[in-house]
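Here is how the chains run, residue by residue.
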Amino acid sequence: MRRKLHRLLRTVLPTLLSAMLLIGGTPYAGASSPLNTTIRVALRHAGNGTDVSSASLVNYVGHGFYFGYFDSSRNFVKNSVETAVGATSLDITVSGSTITVTNRQTSQMLYQIDTNTNYPLAIMPIPGPGEKCVTWLGSVKYYGAFEFSALSNGYMQVVNVLNIDDYLKGVVPEEMMPYWPLEALKAQAMCARNYVMTHLNSHGSFDVCNTTCCQVYGGLTKASAATDAAVDQTSGLFIRFNGELCQTYYHSSNGGATESSCNIWVTQLPYLTGRIDEYDTTIYTGFDNWSYTYTADEITDILNTKGYSIGTITSVVPTYTATGNMYSMTFSDGNVSLTFSKSAARSILDSSRYGKYTYSQRFRISSALSSPTGLYINSGANSLDNINSVYAVGGAGDISKVKTGGGNISVLTGSGLKTVNASGSGVVQTGSSFVVTGSGWGHNVGMSQYGAKAMAQAGKTFDEIIKYYFSGVSIG
Ligand SMILES: [Zn+2]
């Protein structure tokens, strides 16, 4: 859906941030708190690779701008001296700690402020009667106002300050294909709305940035009638558990099962519980099946490059969660052992040097040389290394899928009843090369976007989608 870099960012960065948040507690408003619906989203900030020392604003509806600041309640306060500026085009530059605004047409300086000793300069476009304000910042159109402040690295921080639904109209079409079914877009809008409300003031002097680090936000660039409708039709609705706003994580595709938050990050939240996903696997994602073979030398090099001291790998022991997702991998050189668990198990084998990745938490690892260690079907020549695609015929002739991830199952053999380790957990894999096989893309926690698409195509509504992926929640 997006470039590989974005894919990796979506995989890795949210993991770090989410882990921090899950450790740090619950920085969100309770049901009884009034919900502040003005959002502060950074368009340029220190360290996001898009340093700018100048910017331009053009009032798209042809009016001027007010100068002022946002108070602690996020209300715009017009400067008592400077008022409306008739100019429709402004240039904003930074020098030291001073922000300067000039009229582009006349080059006349309109405003100058030291944002270190005063406040970030807020510039509010003036709408015409019955018009909604749209402003060009560079080559992108945005709703709302803008805040400029000098950074210590000599560049400018630019923050877009706007109503939550106007913000969401710039998120939904970036995070989900705008032509996907409306109910899936509405579920996406719900998740994005909760996400930003549970991340207020969590990102330096703003709420969220505009990249995959938080949620991709592109102003009006990709907004369509359908994505706007998804926001408008869910306006004011939040996903709650016991009245509290939920942490609504989402991922592209889980490949067959979501995962409990404690098995990926740290804290278990009651509504982020892993489940087999009957919808995600019914739809083409582009990440339905991926597999890479790593030589022992490659794994050793990857671990060494990432700072771990270990000799040539001779074995790996995987363990899996109850839903069959990867939980941990223990690599050994026969002397030293290293264990990577939870989200670290997903990222440790990622290597741009070798072009090999584990894109989601749903993968298995086994020796490439020895035969699979799991089940034999009818004879030793037909083997499976797991029971994900095993069906059983019942006494009444009914056919049902064998439950996966349940640990051990009993089988009738020529020498009586035997127990089979159906999950593959804890089975030592040895050899000089190892195969990872998986499906999905993302951290597996919360809503699957492709799963939501499949549910919408199957006639499910947005609230049914939300309640499928977030157990025990209410909407309101
Ligand atoms: Zn961010």
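Structure: see above.
Summary of the structure given here. Being a predicted model, the structure only gives us computed values, none of them experimental.

## Re the sheet that holds strand 14 (residues 239–241)
- Spatially, 15-14-31 is the arrangement adopted by the three strands of the open sheet, whose pairing is antiparallel. If you trace the sheet from one side to the other, it starts and ends with strand 15 (244–245) and strand 31 (474–475), each paired once.
- Inspection of the sheet shows strand 14 paired to strand 31 by two bridges, in the antiparallel sense. Its bridge partner lying in strand 31, isoleucine 239 is registered against isoleucine 475.

## Quick notes on the packing of helix 4 (residues 182–197) against helix 8 (residues 449–457)
- Packing of helix 4 against helix 8 leaves a shortest axis separation of 7 Å and a crossing angle of 140 degrees. As far as their axial angle goes, helix 8 and helix 4 are oblique. Handedness of the helix 4/helix 8 crossing: right-handed. Where helix 4 abuts helix 8, its residues Glu183, Ala184, Ala187 and Gln188 lie against Gln449, Ala452, Lys453 and Ala456.
- Per-class residue counts for the contact of helix 4 with helix 8 are four nonpolar, two polar and two charged.

## Details of the environment of glycine 442
- Inspection of the secondary structure puts glycine 442 in the loop between strand 29 (433–438) and strand 30 (447–448).
- Residue class for glycine 442 comes out buried when judged on the 27 C-beta atoms lying within 10 Å of it.
- As for glycine 442 and histidine 251, which are separated by 191 residues in sequence, their C-alpha atoms are 5.1 Å apart.

## Concerning the sheet that holds strand 19 (residues 326–332)
- Read across the open sheet, the four strands follow the order 20-19-18-28; overall the sheet is antiparallel. Both outer strands of the open sheet, strand 20 (337–341) and strand 28 (429–430), are each paired with one neighbouring strand and no more.
- Examined bridge by bridge, strand 18 (residues 315–320) and strand 28 share two bridges and lie antiparallel to one another. Within strand 28, the position partnered with serine 315 by the bridge is threonine 430.

## A short note on the packing of helix 4 against helix 5 (residues 225–232)
- Where helix 4 meets helix 5, the closest approach of the two axes is 8 Å, and the angle between their N-to-C directions is 55 degrees. Relative to helix 5, the element helix 4 is oriented oblique. Handedness of the helix 4/helix 5 crossing: right-handed. Taking contact as the criterion, the partners of Leu182, Leu185, Lys186, Gln188 and Ala189 in helix 4 are, on helix 5, Ala226, Thr227, Ala229, Ala230 and Val231.

## Quick look at helix 8
- Burial analysis of helix 8 places eight of its nine residues in the buried class, which makes it a mostly covered element.
- For helix 8, the complete set of buried residues consists of Gln449, Tyr450, Gly451, Ala452, Lys453, Ala454, Met455 and Ala456.
- Looking at the buried residues of helix 8, the elements they touch are helix 4, strand 16 (250–251), strand 30 and helix 9 (462–469).
- Directly after helix 8, the chain includes glycine 459, whose backbone phi takes a positive value near 95 degrees.

## What to know about the pairing of strand 11 (residues 145–150)
- Burial analysis of strand 11 places six of its six residues in the buried class, the great majority of the element.
- Of the two faces of strand 11, both are covered, the one formed by Ala145, Glu147 and Ser149 as well as the one formed by Phe146, Phe148 and Ala150.
- Pairing analysis gives three bridges linking strand 8 (residues 121–125) to strand 11, with the strands arranged antiparallel. Looking at the pairing, alanine 122 lines up with glutamate 147 of strand 11.
- The pairing of strand 11 with strand 12 (residues 156–163) spans six bridges and is antiparallel. Across the sheet, the residue bridging to glutamate 147 is valine 159, located in strand 12.
- In this antiparallel pair of consecutive strands, strand 11 and strand 12, the connection spans five residues, and glycine 154 shows a positive phi of 90 degrees.

## A closer look at the nonpolar core
- Within the largest apolar cluster, 83 residues are counted, with the highest numbers of intra-cluster contacts made by Val41, Ile123, Tyr167, Val172, Ala187, Ile465 and Ile466.
- Looking at this core, the element that brings in the most residues is helix 4, giving 10 residues.
- Shared between two domains, this core takes at least three residues from each, and those domains are domain 1 (4–36 + 173–251 + 444–475) and domain 2 (53–154).
- What alanine 187 contacts, discounting residues up to four positions off in sequence, is Met447, Ala452, Phe462, Ile465 and Ile466.
- By size, the runner-up hydrophobic cluster in this structure holds 18 residues, among which are Ile299, Leu303, Met329 and Phe363.

## A short note on unusual backbone geometry
- Phi is positive for arginine 74, which is not a glycine, with a value near 65 degrees.
- The exposure class of arginine 74 is partly exposed, given the 13 C-beta atoms found within 10 Å.
- Positive phi outside glycine occurs at asparagine 242, with the angle close to 50 degrees.
- Its place among the elements puts asparagine 242 in the loop between strand 14 and strand 15.

So, how was this worked out
- Residues numbered from 1 in each chain as written.
- Predicted model: local features only at pLDDT ≥ 70, side-chain atom pairs only at ≥ 80, totals over all residues.
- Pairing = 2+ DSSP bridges.
- Helix = DSSP H or I, 4+ residues; strand = E, 2+ residues; numbered from the N terminus.
- Axes fitted to C-alpha atoms, helices over the stretch in contact; angles between N-to-C directions.
- Parallel < 35°, antiparallel > 145°, perpendicular 65-115°, else oblique.
- Left-handed = near helix turned anticlockwise from the far one by under 90°.
- Contact = placed C-beta atoms within 7 Å.
- Nonpolar A, V, L, I, M, F, W, Y, C, P; charged D, E, K, R; others polar.
- Buried ≥ 20, exposed ≤ 12 C-beta atoms within 10 Å, placed from the backbone.
- Core = buried A, V, L, I, M, F, W, Y, C linked by C-beta atoms within 7 Å.
- Domains from an automatic or database assignment.

Remember that the coordinates give geometry; whether it matters functionally is a separate question.
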